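# A structural walkthrough
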Amino acid sequence: MAAMTKALPRRLVGLASLRAVSTSSMDTLPKQVKIVEVGPRDGLQNEKNIVSTPVKIKLIDMLSEAGLSVIEATSFVSPKWVPQMADHAEVLKGIQKFPGITYPVLIPNLKGFEAAVAAGAKEVSIFGAASELFTKKNINCSIEESFQRFDAILKAAQSANISVRGYVSCVLGCPYEGKISPAKVAEVTKKFYSMGCYEISLGDTIGVGTPGIMKDMLSAVMQEVPPAALAVHCHDTYGQALANTLMALQMGVSVVDSSVAGLGGCPYAQGASGNLATEDLVYMLEGLGIHTDSPLLSHLGERSVDPQIPSFQLQDKWN
Amino acid sequence: MGNVPSAVKHCLSYQQLLREHLWIGDSVAGALDPAQISVLINLHCFQPYVSGFSVSLAGSVASIHWETSQLSGLPEFVKIVEVGPRDGLQNEKVIVPTDIKIEFINRLSQTGLSVIEVTSFVSSRWVPQMADHTEVMKGIHQYPGVRYPVLTPNLQGFHRAVAAGATEISVFGAASESFSKKNINCSIEESMGKFEEVVKSARHMNIPARGYVSCALGCPYEGIITPQKVTEVSKRLYSMGCYEISLGDTIGVGTPGSMKRMLESVMKEIPLGALAVHCHDTYGQALANILTALQMGINVVDSAVSGLGGCPYAKGASGNVATEDLIYMLNGLGLNTGVNLYKVMEAGDFICKAVNKTTNSKVAQASFNA
């Protein structure tokens, strides 16, 4: 095997015609990227230990002070399903709401929406999937049925002047179905957009994606939904998150979800890591000269490339 | 992710995922046999879901491969230079016994990797981990088609290496004066003089020499390193006879932008085919930086199984990019490496147990349950 002089050709089909993305596209990277911090929700949701309400509130307040402009605070889901989020109302009421920062919350249904609004939510997120099986296992209905539920929520949200963000799970692979077609992702994304979601976050839920697959998926989606309305949400289960995010930036996406400290594991792969870490994302963005919203975050990134501060000294500072 | 209960166990189609995404059914580098599959199934606690599931790799492998998404503009084949036994172990605190090192390298030799950096013929005063360089070099089984370069910092090390059976060597320069001074106690110019002696002797004996340039994207002492300096040092090494130059982001501070700028400069002076990148994952940037290098046409990438090795300049930081995670990305991109990811994961598992550490590879973490 080591002496393979005649390797079987692994690619019988011609190279993909998507020549657009070469390094010249580095020049077309967005100048500004909005980071959506999902640590308090997506991150904590996947942590085994139940985190106390005061600690959750403290975390979110610290994130607000760090200058992030969007921090997903909690999920108004039944505690039977997600015990970690049982204190959703207390958390939302307890956090400091800084001006200029939005605190979206997840809502699975109309009941959750109403509870969220009662607790002071001004923005909500709904969760769909590009996989029938995942939808069935996750929320016990088909994709089509889920659209009907979401439609009701969106109508209610519109009446109450509440913004809605849509999530599409399994965009690069599904733990039940395996491969997911880019066309399916585009279909679901388009539906969310046309229903009234102002932004759709495309999630590599189990982190199986690699840059080529990310590119194919985004190419399909961008034919239906404007890039400015798209975000990527990469999990780092196989270490691919940052590379996939870079590809998305090269394709014109300028909103990226991440989780402080890379919080959260993966319910589908015990021991695996979870979300893309906000710190690592900021590091890359700053290195690329891309502005994130917050001067404080910029400062965090800047110091790591400051010639006055050797990196080993910097490391000691953070320890 | 949505409101997924944390109690969800693995799903039946995860097996499919393993095939599709881990590419472990690669008929080129060694197809999985049913015994390996059952190990994987056990590893993922599939038992409740296995009944009725039939394993049929043969037909599906071909179709999986051809359906891969392929980024155009990328090289067709990527050579991986495995530096775990040298760069990796060198930075591990625990001194690994010689027989373990030999077993480790022998296992790596059976994965499809074509270049495995074995050891370093450096004084044991400087690098105690490599004190057994001669025994390791003599003790490993040299598989046909696999090359086993060794580091040789000077002529003395070179002669010892040759006496021990080395048939390829590497020399280590730096693009930073301060780093050169602290690391090998001489200026860049002086170090080039030493390397020239080694490389010329090597060429005289028909022994290929690879050149490394450290601090290509930043230095722990000087901070920012200019692409011009990297180019200058690379060019020196290339013109003295090194067949390949590995550009190392020694402290992992680089990001895709600085990688691109550095490569643009170096590529003006050195042919693409003679360049490699060696990325450290200290700040989690390695794969993104490697992707950038691939997009620029680089097709040789250094990595270390399990992401072995910390960083002597940043306590607690991770080290080399993990070979497993690299292969995962390359496979997903449809690039041929000739390497069997599963076997690499096994070698990684072996060395991590021997060194008593948890793997730094995310792929391994996701695939081998505790």
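Below is a summary of the structure that appears in this document.

What counts and how
Residues numbered from 1 in each chain as written. Chains lettered and ligands numbered in written order. Predicted model: local features only at pLDDT ≥ 70, side-chain atom pairs only at ≥ 80, totals over all residues. Heavy atoms only, no water. Helix = DSSP H or I, 4+ residues; strand = E, 2+ residues; numbered from the N terminus. Buried < 20%, exposed > 50% of the residue type's maximum accessible area, 1.4 Å probe, protein only. Contact = heavy atoms within 4.5 Å. Areas by Shrake-Rupley, 256 points an atom, 1.4 Å probe, with all protein chains shown as cover. Core = buried A, V, L, I, M, F, W, Y, C linked by side-chain atoms within 4.5 Å. Phe/Tyr/Trp six-rings, centres within 6.5 Å; stacked < 30°, edge-to-face > 60°. Pairing = 2+ DSSP bridges. Axes fitted to C-alpha atoms, helices over the stretch in contact; angles between N-to-C directions. Parallel < 35°, antiparallel > 145°, perpendicular 65-115°, else oblique. Nonpolar A, V, L, I, M, F, W, Y, C, P; charged D, E, K, R; others polar. Polar contact = N/O pair within 3.5 Å; in protein donor to acceptor, adjacent residues only side chain to side chain. Salt bridge = Lys/Arg side-chain N within 4 Å of Asp/Glu carboxyl O.

Moving on: the overall build of chain A. The number of helices and strands found in chain A is twelve helices and ten strands. Looking at chain A as a whole, 61% of its 319 residues qualify as buried. The contacts in chain A between residues at least 6 apart in sequence include a share of 75% that link residues at least 24 apart. With the model as given, the accessible surface of chain A reaches about 12200 Å², and the carbon-plus-sulfur share is 56%.

Within chain B one finds 16 helices and eight strands. For chain B, contacts bridging at least 24 residues in sequence account for 77% of all contacts bridging at least 6. Summed over its atoms, the accessible surface of chain B is roughly 12700 Å², and 54% of this surface lies on carbon and sulfur atoms.

Another aspect to go through is the nonpolar core. Core analysis: the biggest nonpolar cluster contains 193 residues, and L202 of chain A together with L237, L247, I290 and L294 of chain B have the highest contact counts within it. If we ignore the near neighbours within four places in the chain, the residues touching L294 of chain B are G73, L74, P75, V78, V301, M329, L330, L333 and L335 of chain B. With eight residues, the next largest nonpolar core counts V38, V70, F127 and Y167 of chain A among its residues.

Moving on, we come to the packing of aromatic side chains. Evaluation of the coordinates by the stated rule reveals eight aromatic pairs over all chains. Ring centres of Y238 of chain A and Y328 of chain B lie 4.8 Å apart, and the angle between their planes is 5°; on these two criteria the pair is classed as stacked. Here Y238 of chain A is found in the loop between β8 (230-234) and α9 (241-250), whereas its partner Y328 of chain B is found in helix α14 (residues 323-332) on a different chain. According to the relative accessible area criterion, Y328 of chain B is buried, its value standing at 1%. Between the aromatic rings of F179 of chain B and Y221 of chain B, the centroid separation amounts to 6.3 Å while the plane-to-plane angle is 50°, which identifies the pairing as tilted. Placement of F179 of chain B in helix α9 (residues 177-184) and of Y221 of chain B in the loop between β5 (209-214) and α11 (227-239) is noted, with a sequence separation of 42 residues between them. Overall, F179 of chain B belongs to the buried group, its relative accessible area being 3%. What links up through ring pairs into an aromatic cluster is the set F147, F150 and F192 of chain A.

All names here are of chain A. The element β8 is largely enclosed, with a buried count of five among its five residues. Burial along β8 is two-sided: the residues L230, V232 and C234 and A231 and H233 are all buried. The sheet contact formed by strand β7 (residues 199-204) and β8 spans five bridges and is parallel. Across the sheet, I200 pairs through a bridge with L230, a residue of β8.

On to the sheet that holds strand β1 (residues 79-82) of chain B, then. All names here are of chain B. Spatially, the eight strands line up as an open sheet ordered β2-β1-β8-β7-β6-β5-β4-β3, and their pairing is parallel. Among the strands making up the open sheet, the edge pair consists of β2 (115-116) and β3 (150-151). Here α11 sits on the sheet in contact with β4 (169-174), β5 and β6 (244-249), set at roughly 165° to β5.

This next bit is on unusual backbone geometry. Of note, the phi angle at A261 of chain A is positive, near 65°, even though the residue is not glycine. By the element assignment, A261 of chain A lies in the loop between β9 (255-258) and α10 (278-287). Despite not being glycine, C215 of chain B shows a phi value in the positive range, around 60°. Considering the arrangement of structural elements, one finds C215 of chain B in the loop between β5 and α11. Here C215 of chain B falls in the buried class, since its relative accessible area comes to 0%.

Before going further, it helps to examine the packing of helix α5 (residues 132-139) of chain A against helix α6 (residues 143-159) of chain A. Residues and elements named next belong to chain A. Look at α5 against α6: their axes get within 9 Å of each other, and the N-to-C directions meet at 55°. One finds that α5 runs oblique with respect to α6. Between α5 and α6, the contacting residues are E132, T135 and I139 on the first element and I143, S146, R149 and F150 on the second. The residue makeup of the contact of α5 with α6, split by class, is three nonpolar, two polar and two charged.

Turning our eyes to something else, we now look at the environment of L113 of chain B. Residues and elements named next belong to chain B. Along the chain, L113 falls in the loop between α6 (98-109) and β2. Residue classification places L113 among the buried residues on the basis of a relative accessible area of 1%. The sequence separation of L113 and M192 amounts to 79 residues, and the corresponding C-alpha distance is 30 Å.

This brings us to the pairing of strand β1 (residues 32-37) of chain A. Residues and elements named next belong to chain A. Here two bridges tie β1 to strand β10 (residues 291-292), and the two strands are oriented parallel to one another. Note on β10: the bridge partner recorded for Q32 is H291. Relative to β9, β1 runs parallel, the two sharing four bridges. Looking at the pairing, K34 lines up with V255 of β9. Judged from the two bridges that link them, β1 and strand β2 (residues 70-71) form a sheet pairing that is parallel. Note on β2: the bridge partner recorded for V36 is V70.

When you line up the elements, L68 of chain A lands in the loop between α2 (53-66) and β2. Taking C-alpha positions, L68 of chain A is 9.5 Å from G100 of chain A, a pair spaced 32 residues apart along the chain.

Take the side chain of T231 of chain B next. Residue and element names in this part refer to chain B. Along the polypeptide, T231 turns up in helix α11. The class of T231 is buried, set by a relative accessible area of 8%. Polar side-chain contacts of T231 include one of 2.8 Å to the backbone oxygen of P227. Filtering out sequence-adjacent residues up to four positions away, T231 remains in contact with S265, V266 and E269.

Before going further, it helps to spend a moment on the pattern of salt bridges. Residues and elements named next belong to chain A. In this structure the tally under the stated criterion is 24 salt bridges over all chains. Of the charged contacts in the structure, one is a salt bridge between R165 and E199, with a shortest N-O distance of 2.8 Å. Here R165, found in strand β6 (residues 163-169), pairs with E199, found in strand β7; they are 34 residues apart in sequence, far enough to count as distant. Take R165 and E199: they sit in the same class, and that class is buried. D257 serves as the salt-bridge partner of R165, at 2.8 Å between the closest nitrogen and oxygen. With R165 in strand β6 and D257 in strand β9, this pair connects stretches of sequence that are 92 residues apart.

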